[in-house]
Amino acid sequence: MRRKIDPDQKVTIKIGGKDRLEFKLKKVLVPPGKKISLKKDYDPDFTDGYKDKDAARDHVEENVNRLSDLQEKLYAQDSYSLLLVFQAMDAAGKDGTIRHVMSGVNPQGCHVTSFKAPSAEELDHDYLWRIAKALPARGMIGIFNRSHYEEVLVVRVHPEYLQGQKLPPEASGKDIWERRFDQINAFEKRLVENGTVILKFFLNVSKEEQKERFLDRINEPDKNWKFSIADYKERGFWEDYQSAIEDMLNNTSTPWAPWFVIPADHKWFMRLAVSETICRTLEGLDLKFPEVSKARKKELQEIKKLMEKEDD
Ligand code: ATP
Ligand code: MG
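Now for a look at the structure at hand. Numbers given to residues run from 1 along each chain, matching the order in which its sequence is written. Going through the entries in the order they are written, you letter the chains from A and number the ligands from 1. Side-chain atom pairs in this predicted model are given and counted only at pLDDT of 80 or more, local residue features only at pLDDT of at least 70, and totals for whole chains, interfaces and linings cover all residues. Side-chain figures throughout are based on the complete set of non-hydrogen atoms in the structure, without hydrogens or water.

Some details on the overall build of the protein
Each helix is a run of H or I in the DSSP string that is no shorter than four residues. Each strand is a run of E no shorter than two, and both are numbered from the N terminus. Of the regular secondary structure elements, the protein holds 13 helices and seven strands. For this measure, only C-alpha atoms enter the radius of gyration; the expected value for a globule follows 2.2 Å times N^0.38, where N is the number of residues. Computed over C-alpha atoms, the radius of gyration of the protein comes to 22 Å, within 12% of the 20 Å expected from 2.2 N^0.38 for 312 residues, which places it in the range of a compact globule. In terms of overall dimensions, the protein has C-alpha extents of about 75 × 50 × 45 Å along its principal axes. Here the term buried applies to any residue with accessible area under 20% of the maximum for its type, exposed to any over 50%, and partly exposed to those in between, with areas from a 1.4 Å probe on protein chains only. Here the protein holds 312 residues, and 47% of them are scored as buried.

Take a look at the structure:
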């Protein structure tokens with residue numbers, strides 16, 4: 001599916017029956033082929049001036065039901081699959097967003113994979129090997145909590161990881177990131193052309209908000225488990241990450257698999273934007289339960305008669 005993307009198109013979200021939010025798609029989408037600036041073009045604090053958190057939360061609940069119905073059809077139709085990619089700086093809220101937005105989906109139709117530093121076995125293969133193994137089957141929703149994009153983010157910020165990948169000299173070299181962008185685009189294109197719908201979300205939290213969330217994790221004993229010193233160390237590389245992220249967005253937002261940059265300083269807005277994007281994309285597929293053939297209808301009626309007789 002090659003979606004038509006008009007960055008100037010207005011997104012209108014009705015909350016409680018009224019048009020409450022209305023903003024241009026490019027506020028949250030990276031237009032394929034256009035150069036964006038992460039800092040200038042995407043505000044982590046953006047809510048379109050909307051403030052009613054409770055109403056927004058209710059709308060996310062409605063979207064949870066909407067998504068549950070759509071997922072049932074996706075599964076029954078068994079033709080498309082949906083891949084949701086989540087990337088973010090630490091504490092942006094990947095886990096919470098996945099938990100909230102997917103809470104109504106039948107667990108049998110959905111699979112979450114978290115990608116951590118690669119294992120020895122994974123390092124013995126090319127970087128897309130473990131990704132390919134985790135892709136959703138037809139009818140399924142696959143969620144990537146981190147993804148192949150770590151290969152142009154953390155690996156770029158910390159080149160020592162690249163050394164661990166044991167690449168031959170002709171596969172490394174200066175233009176490696178450009179080549180990886182091309183490889184990723186080609187990989188995703190093949191998937192999309194064969195029935196996988198891909199949505200990529202970068203949850204865009206500000207440095208100040210990340211600090212607040214880290215401090216919360218330190219101050220509240222029940223949140224201490226969420227805080228790791230490694231996260232604090234990565235914060236020291238903030239600017240390196242921002243420029244790697246910007247380059248990733250500029251090179252891998254494609255007509256077949258665009259990037260959404262979701263403002264993440266307000267969790268309620270982030271969840272609203274993510275759930276709305278997923279629902280609208282699935283609605284655009286015009287999913288249908290499979291048609292029942294005449295022969296099958298007849299067969300079902302015959303079985304019904306047999307069972308009714310059983311009751312006598
Ligand atoms: P949370 O902290 O919310 O549980 P997380 O996704 O941050 O979730 P961690 O176990 O803290 O999970 O971190 C996983 C780490 O693995 C991240 O720092 C990430 O950058 C790293 N990672 C993922 N893929 C790769 C890769 N291909 N090469 C090197 N490091 C990677
Ligand atoms: Mg972490």
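A look at the site of ligand 1
Any residue with a non-hydrogen atom lying within 4 Å of a molecule or strand is treated as near it. If you check the shell around ligand 1, you find 13 residues, and the closest are Lys-94, Lys-116, Arg-146, Glu-150 and Glu-151. Whenever two N or O atoms come within 3.5 Å, that pair is a polar contact, provided that in protein one can donate a hydrogen and the other can accept it, and provided that, for residues adjacent in sequence, both atoms are side-chain atoms. Separating an oxygen atom of ligand 1 from a side-chain N or O atom of Asp-90 is a distance of 3.4 Å. With respect to ligand 1, the side chain of Asp-95 contributes an N or O atom lying 3.4 Å from an oxygen atom. Expressed as a share of its isolated accessible area of 630 Å², the protein-covered part of ligand 1 is 73%. For the shell around ligand 1, the secondary-structure elements that each account for two or more residues are α3 (94–101) and α6 (154–157). Charged residues are taken to be Asp, Glu, Lys and Arg, nonpolar residues to be Ala, Val, Leu, Ile, Met, Phe, Trp, Tyr, Cys and Pro, and polar residues to be all remaining types, Gly included. Classifying every residue of the shell around ligand 1 by side-chain character gives five nonpolar, no polar and eight charged. With residues, only the protein chains shown are counted as cover, and all accessible areas are computed by Shrake-Rupley using a 1.4 Å probe.

So, a negative patch on the surface
Here a patch means residues that are over 30% exposed by relative accessible area and free of salt bridges, tied together within 9 Å if like-charged and within 5 Å if nonpolar (Val, Leu, Ile, Met, Phe, Trp, Tyr). When a carboxyl oxygen of Asp or Glu is within 4 Å of a side-chain nitrogen of Lys or Arg, the pair counts as a salt bridge. Charged residues are defined narrowly, with Lys and Arg counted positive, Asp and Glu counted negative, and His plus the chain ends left uncounted. Note that the charge is assigned to NZ on lysines, CZ on arginines, CG on aspartates and CD on glutamates. A grouping of Asp-52, Asp-58, Glu-61 and Glu-62 is seen on the molecular surface, where their side chains present a negatively charged patch. Mapped onto the fold, Asp-58 is located in helix α2 (residues 53–77).

What to know about the state of the cysteines
To count as a disulfide, a pair of cysteine sulfur atoms needs to be within 2.5 Å. In this structure the tally under the stated criterion is zero disulfides. Of all cysteine sulfurs in the structure, the one in Cys-279 sits closest to Cys-110, which takes part in no disulfide; the separation is 13 Å. Classification of Cys-110 by relative accessible area gives buried; the value is 16%. According to the relative accessible area criterion, Cys-279 is buried, its value standing at 0%.

Regarding the side chain of Arg-271
Within the secondary structure, Arg-271 is located in helix α12 (residues 267–284). Among buried Asp, Glu, Lys and Arg side chains, Arg-271 stands out as unpaired, with Glu-61 the closest opposite charge at 8.6 Å. Working rule for contacts: check all heavy atoms of both residues, and any pair within 4.5 Å makes them a contact. With sequence-adjacent residues up to four places away left out, Arg-271 is seen in contact with Val-60, Gly-96, Thr-97, His-100 and Val-101.

Digging into the pattern of salt bridges
Tallied over the full model, the rule gives 19 salt bridges. The partner of Asp-90 in a salt bridge is Arg-146, with the nearest N and O atoms 3.2 Å apart. Of this pair, Asp-90 sits in the loop between β3 (81–88) and α3 while Arg-146 sits in the loop between β5 (141–145) and α6; the two residues are 56 residues apart in sequence, bridging distant segments of the chain. The closest approach of N and O atoms between Glu-150 and Arg-146, which form a salt bridge, is 2.9 Å. Here the salt bridges do not stand alone but share partners, grouping Arg-66, Glu-276, Arg-280 and Glu-283 into one network.

Let's talk about the packing of aromatic side chains
Aromatic pairs are defined between Phe, Tyr and Trp rings, using the six-membered ring for Trp, whenever the two ring centres lie within 6.5 Å; interplanar angles under 30 degrees are classed as stacked, those over 60 as edge-to-face, and all others as tilted. Scanning the model with the defined rule gives ten aromatic pairs in all. Plain terms: the ring middles of Tyr-149 and Trp-259 are 4.8 Å apart, the flat faces sit at 70 degrees to each other, and that makes the pair edge-to-face. Here the residue Tyr-149 occupies a position in the loop between β5 and α6, and Trp-259 occupies one in strand β7 (residues 259–263), the gap between them amounting to 110 residues. Given the relative accessible area of 0%, Tyr-149 is considered buried. Under the relative-accessibility criterion, Trp-259 is labelled buried at 0%. Members of the aromatic cluster, connected to one another through ring pairs, are Phe-23, Phe-46, Tyr-50, Trp-268 and Phe-269. Any Lys NZ or Arg CZ that is within 6 Å of a ring centre and within 35 degrees of that ring's normal is treated as a charge sitting over the ring. The positively charged end of Arg-180 is found above the aromatic ring belonging to Tyr-127, 4.3 Å away from the centroid. Here Lys-189 stacks its cationic end above the ring of Trp-256, 5.3 Å away from the centre of that ring.

Some thoughts on the nonpolar core
Residue types Ala, Val, Leu, Ile, Met, Phe, Trp, Tyr and Cys, when buried and joined through side-chain atoms within 4.5 Å, form a set referred to as a nonpolar core. Membership of the largest hydrophobic core comes to 86 residues, with the highest contact counts inside it found for Leu-84, Met-102, Phe-201, Leu-203, Leu-249 and Ile-278. Considering every element that reaches this core, the biggest residue donor is α12, with nine residues. With near-sequence residues (within four places) excluded, Ile-278 lies in contact with Leu-67, Leu-82, Leu-84, Val-101, Leu-199 and Phe-201.

Section: the sheet that holds strand β6 (residues 196–204)
The strand order β4-β5-β3-β6-β7 describes an open sheet built from five strands, whose pairing is parallel. Of all the strands in the sheet, just β4 (110–114) and β7 have a single pairing partner and so form its edges. Pairs of neighbouring strands in the sheet enclose a mean axial angle of 20 degrees, with direction left out of account. Two strands pair under a simple rule: DSSP has to find at least two bridges between them. Note that β3 and β5 share five bridges and pair parallel. Opposite Phe-86, over in β5, you have Asn-145 as the bridge partner. Contacts between helix α11 (residues 238–252) and the sheet are confined to β6 and β7, with β7 contributing the most and set at about 140 degrees to the helix. Note on definitions: angles span 0 to 180 degrees between N-to-C directions of axes, and those axes are lines fitted to C-alpha atoms, for helices only across the stretch in contact.

Describing α3
Regarding α3, the residues found buried are Lys-94, Gly-96, Thr-97, Ile-98 and Val-101. For α3, the secondary structure elements touched by its buried residues are α2, β3, β4, β5, β6 and α12.

By themselves, these observations are geometric and do not establish any function.
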